[in-house]
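# Structural characterization, general
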Amino acid sequence: MQFNELKFLTEVQRIHLNQEEIGIYKAIQKSDVRSKLNNFVDYGNNPRFSAALDAICENLVGRTIFELLITKMIAKGKKMRIVAHNNQNEGSSYDNYVVYINLSRYDKNKGDVGIESMQYYCVNADGKIEIKLKSLAESIFHEFCHALHEVSGTYTPKVEKKCRLVLAEDFWTNDEELRTICCLEHDPICDHCFDLIMSGDSFRPRYGHGGFTKGERSEQDESEERKKIKKHLLLSQKFMDGWKEYVV
């Protein structure tokens, strides 16, 4: 699959930038994005966070989200932080210019891939439900999507009527999470486009907002969850397939 960079960049500017910001955005050299981040995102020189930011900036969608955020932060005179926390009951989150990450959920000995006990559902090319892991870089990107929606003034965590049947099963939590994952409203700054570039032909769209902890669920619970997904898969497919707009 070949990513449509021209359409991606055109839509990104249309959705996320106003006229005053376009000049700032275009003045940022793509080769400077990673080094500029150190002036706008404080991550405490944590080497794991640094490596994750490196990986994000090597991805067109990831680098672009930081170009947009740097533009917004220059315009607003703001900075952001990435903070590690150790609350075992919490994963990653974003709030008021701070991204919170639970590093214990990623295996640093395996390139910070999500640990085996933290699973996410995805849909393979045959439409079958599978399990996938989410890396530290993917988690940080996801939380910065929330940040972008906030600073762009496009953060709308509400339940729309069109999503209500899907959300009734709590797969997506709200429309803002659905947008962050699936290109809702045609926004290509999302998990699916990021992962599409990262994984290429092995891309398997993530299904749902939450994951589950394997050790806390029985095989029967997992079986019931898969049944719920299959029941609503056709209904929710139209929300999941936004990434296809950006493939040539």
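Okay, so let's go over this structure. (Residues numbered from 1 in each chain as written. Predicted model: local features only at pLDDT ≥ 70, side-chain atom pairs only at ≥ 80, totals over all residues. Heavy atoms only, no water.)

In this fold, Ala27 is placed in helix H2 (residues 19–27). For Ala27, a relative accessible area of 54% corresponds to the exposed category. On a C-alpha basis, the gap between Ala27 and Glu67 in space is 9.9 Å, while along the polypeptide they are 40 residues apart. (Helix = DSSP H or I, 4+ residues; strand = E, 2+ residues; numbered from the N terminus. Buried < 20%, exposed > 50% of the residue type's maximum accessible area, 1.4 Å probe, protein only.)

A few words now on the packing of aromatic side chains. This model, assessed by the stated rule, comprises 5 aromatic pairs. With a centroid separation of 5.0 Å and an interplanar angle of 80°, the aromatic rings of Phe203 and Trp243 are classed as edge-to-face. Remark: Trp243 occurs in the segment after helix H10 (219–240) and Phe203 occurs in the loop between helix H9 (191–199) and strand S9 (206–213); sequence separation between them is 40 residues. For Trp243, a relative accessible area of 9% puts it in the buried group. The positively charged end of Lys7 is found above the aromatic ring belonging to Tyr246, 5.4 Å away from the centroid. Above the plane of the ring of Tyr97 lies Lys78, whose end atom (NZ or CZ) is 5.2 Å from the centre. (Phe/Tyr/Trp six-rings, centres within 6.5 Å; stacked < 30°, edge-to-face > 60°. Lys NZ or Arg CZ within 6 Å of the ring centre and 35° of its normal.)

This paragraph deals with the side chain of Asp112. Checked against the element boundaries, Asp112 lands in the loop between strand S5 (106–107) and strand S6 (113–114). Overall, Asp112 belongs to the buried group, its relative accessible area being 10%. Beyond its immediate stretch of four places on either side in the chain, Asp112 contacts Arg48, Tyr106, Asp107, Ser135 and Leu136. (Contact = heavy atoms within 4.5 Å.)

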